[in-house]
Amino acid sequence: MENPLPIDPKDRLIVALDVPTVSDAEAMVSRIGPAATFYKIGYQLGLAGGLPFAAGLIAAGKQVFLDFKLHDIGNTITHGVASVANMGATFLTVHAYPQTMKAAAEGARGSKLKILAVTVLTSYDDKDLVEAGYALSVGPLVAKRAAQARAIGIDGLVCSPEEAANLRGIVGNDMSLVTPGIRPAGSAAGDQKRIMTPARAIAAGADYLVVGRPIVEAADPKAAAAAIVDEIAQAKAQQQQQQQ
Ligand SMILES: O=C(O)c1cc(=O)[nH]c(=O)n1[C@@H]1O[C@H](COP(=O)(O)O)[C@@H](O)[C@H]1O
């Protein structure tokens with residue numbers, strides 16, 4: 001089952017700490033304060049000394065999503081994931097290729113680390129997939145990769161909120177749906193192509209929302225995070241009412 005305990009709306013927001021240095025990250029986490037409990041660390045910060053910083057966040061009681069989007073030969077993936085498995089992070093991303101997902105599941109076996117498979121990046125549309133040599137368009141490729149991830153026993157999927165409702169039908173409640181491409185009403189899309197507001201993403205079935213620039217580039221990151229958590233809480237309450 002997805003989660004035995006209900007998830008607090010605050011824990012559904014994952015703030016992407018896409019900042020250049022550990023001191024920027026420390027300042028951001030302290031500005032956001034209790035408004036966020038879950039942080040994502042990707043290449044930008046991770047490769048700039050962010051791993052000890054991630055360990056510190058975990059020790060301070062925050063949840064950490066290590067977004068390394070691994071993709072390599074199976075042996076390298078299994079050993080790489082095994083190196084991450086005992087750091088105490090909650091999520092680690094790999095690309096949703098069958099060999100990669102199988103190897104990652106093996107590397108994480110026996111640990112609490114959950115593997116998320118990135119289906120099709122939210123900055124891609126159908127035209128980008130053609131350019132990259134794919135025959136399938138976004139919807140069918142995401143669906144195919146989701147079914148493969150489920151068969152392999154992957155814990156969750158990273159997808160656009162546009163695919164969340166369809167994916168629930170494919171993977172049921174067994175897997176977490178983690179959606180970047182979140183844009184509160186009025187915020188700039190930037191390089192994202194498949195986007196939704198926080199409320200619409202939750203209504204579509206997303207479990208966790210990943211939000212970077214709308215929070216870390218806001219004049220008041222704490223208020224921006226709190227507003228998104230409120231929107232998540234309202235959308236969740238509405239969804240629960242509809243299900244009764
Ligand atoms: O794996 C991810 O987190 C990810 C997958 C994806 O398809 N699209 C995507 O935007 N992301 C990440 O989610 C974050 C989105 O950031 P913003 O566009 O600034 O909200 C970035 O850190 C991306 O690396």
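- As annotated in an unreviewed UniProt entry, the protein carries the name Orotidine 5'-phosphate decarboxylase and comes from Undibacter mobilis.

Quick look at the layout of surface pockets
Any space left empty among the atoms is revealed by the rolling of a water-sized probe across them.
Moving on, step 1. There is about 630 Å³ of room inside the largest pocket.
Moving on, step 2. Lining the largest pocket are 28 residues; nearest its centre among them are Asp18, Lys40, Asp67, Lys69 and Gln192.
Moving on, step 3. Secondary-structure elements contributing two or more residues to the lining of the largest pocket are α2 (43–59), β3 (63–70) and β8 (208–211).
Moving on, step 4. For the lining of the largest pocket, the element with the highest residue contribution is β3, accounting for 3 residues.

Notes on the site of the ligand
Moving on, step 1. With respect to spatial proximity, 16 residues lie near the ligand, and among them Asp18, Lys40, Thr122, Arg183 and Arg213 are the closest.
Moving on, step 2. Interatomic distance of 3.3 Å between a side-chain N/O atom of Asp67 and an oxygen atom of the ligand.
Moving on, step 3. In the model, an oxygen atom of the ligand is placed 2.7 Å from a nitrogen or oxygen of the Arg213 main chain.
Moving on, step 4. When the ligand is considered free in solution it has 500 Å² of accessible area, and contact with the protein chains removes 89% of it.
Moving on, step 5. With respect to the detected pockets, the ligand is housed in the largest pocket.
Moving on, step 6. Of all the secondary-structure elements, those providing two or more residues to the shell around the ligand are β3, β8 and α9 (213–216).
Moving on, step 7. Here the residues of the shell around the ligand sort into 7 nonpolar, 3 polar and 6 charged.

Thoughts on the UniProt feature "active site" (unreviewed entry) in the protein
Moving on, step 1. Taken from the UniProt record, the annotation "active site" (unreviewed entry) applies to Asp67, Lys69 and Asp72. Of the annotated positions named here, the largest pocket is lined by Asp67 and Lys69.
Moving on, step 2. On the secondary structure map, Asp67 appears in strand β3.
Moving on, step 3. Setting aside chain neighbours within four positions, we find Asp67 in contact with Lys40, Ile41, Gly42, Tyr43 and Thr93.
Moving on, step 4. The contacts of Asp72, once residues within four sequence positions are left out, are Ile77 and Thr100.

Brief notes about unusual backbone geometry
Moving on, step 1. A positive phi angle, near 40 degrees, is found at Lys69, a position not held by glycine.
Moving on, step 2. A residue is classified by how much of its surface remains accessible, and Lys69, at 23% relative accessible area, is partly exposed.

A look at the packing of helix α6 (residues 138–152) against helix α7 (residues 161–171)
Moving on, step 1. Relative to each other, α6 and α7 sit at 35 degrees, their axes nearing to 10 Å. Every pair of crossing elements has a handedness; the one defined by α6 and α7 is right-handed. Touching Val138, Val142, Ala143, Ala146, Ala147 and Arg150 of α6 are Glu163, Asn166, Leu167, Ile170 and Val171, all from α7.

Notes on the packing of helix α1 (residues 22–32) against α2
Moving on, step 1. Close contact between α1 and α2 brings their axes to 9 Å; oriented N to C, the two are set at 40 degrees. Of the possible angle classes, the one that applies to α1 and α2 is oblique. Together, Val22, Ala25, Glu26 and Val29 of α1 and Leu45, Ala48, Gly49, Gly50, Phe53 and Leu57 of α2 make up the contact between the two elements.

What counts as what
- Residues numbered from 1 in each chain as written.
- Predicted model: local features only at pLDDT ≥ 70, side-chain atom pairs only at ≥ 80, totals over all residues.
- Heavy atoms only, no water.
- 1 Å grid on protein atoms, 1.4 Å probe; cavity = no way out; pocket = protein on both sides within 12 Å on 5 of 7 lines; lining within 4 Å.
- Points joined across faces, edges and corners; volume = space filled by probe spheres on them.
- Helix = DSSP H or I, 4+ residues; strand = E, 2+ residues; numbered from the N terminus.
- Near = heavy atom within 4 Å.
- Polar contact = N/O pair within 3.5 Å; in protein donor to acceptor, adjacent residues only side chain to side chain.
- Areas by Shrake-Rupley, 256 points an atom, 1.4 Å probe, with all protein chains shown as cover.
- Sits in = over half its atoms within 2 Å of the grid points.
- Nonpolar A, V, L, I, M, F, W, Y, C, P; charged D, E, K, R; others polar.
- UniProt positions renumbered as here; feature names shortened; annotations may be inferred.
- Contact = heavy atoms within 4.5 Å.
- Buried < 20%, exposed > 50% of the residue type's maximum accessible area, 1.4 Å probe, protein only.
- Axes fitted to C-alpha atoms, helices over the stretch in contact; angles between N-to-C directions.
- Left-handed = near helix turned anticlockwise from the far one by under 90°.
- Parallel < 35°, antiparallel > 145°, perpendicular 65-115°, else oblique.

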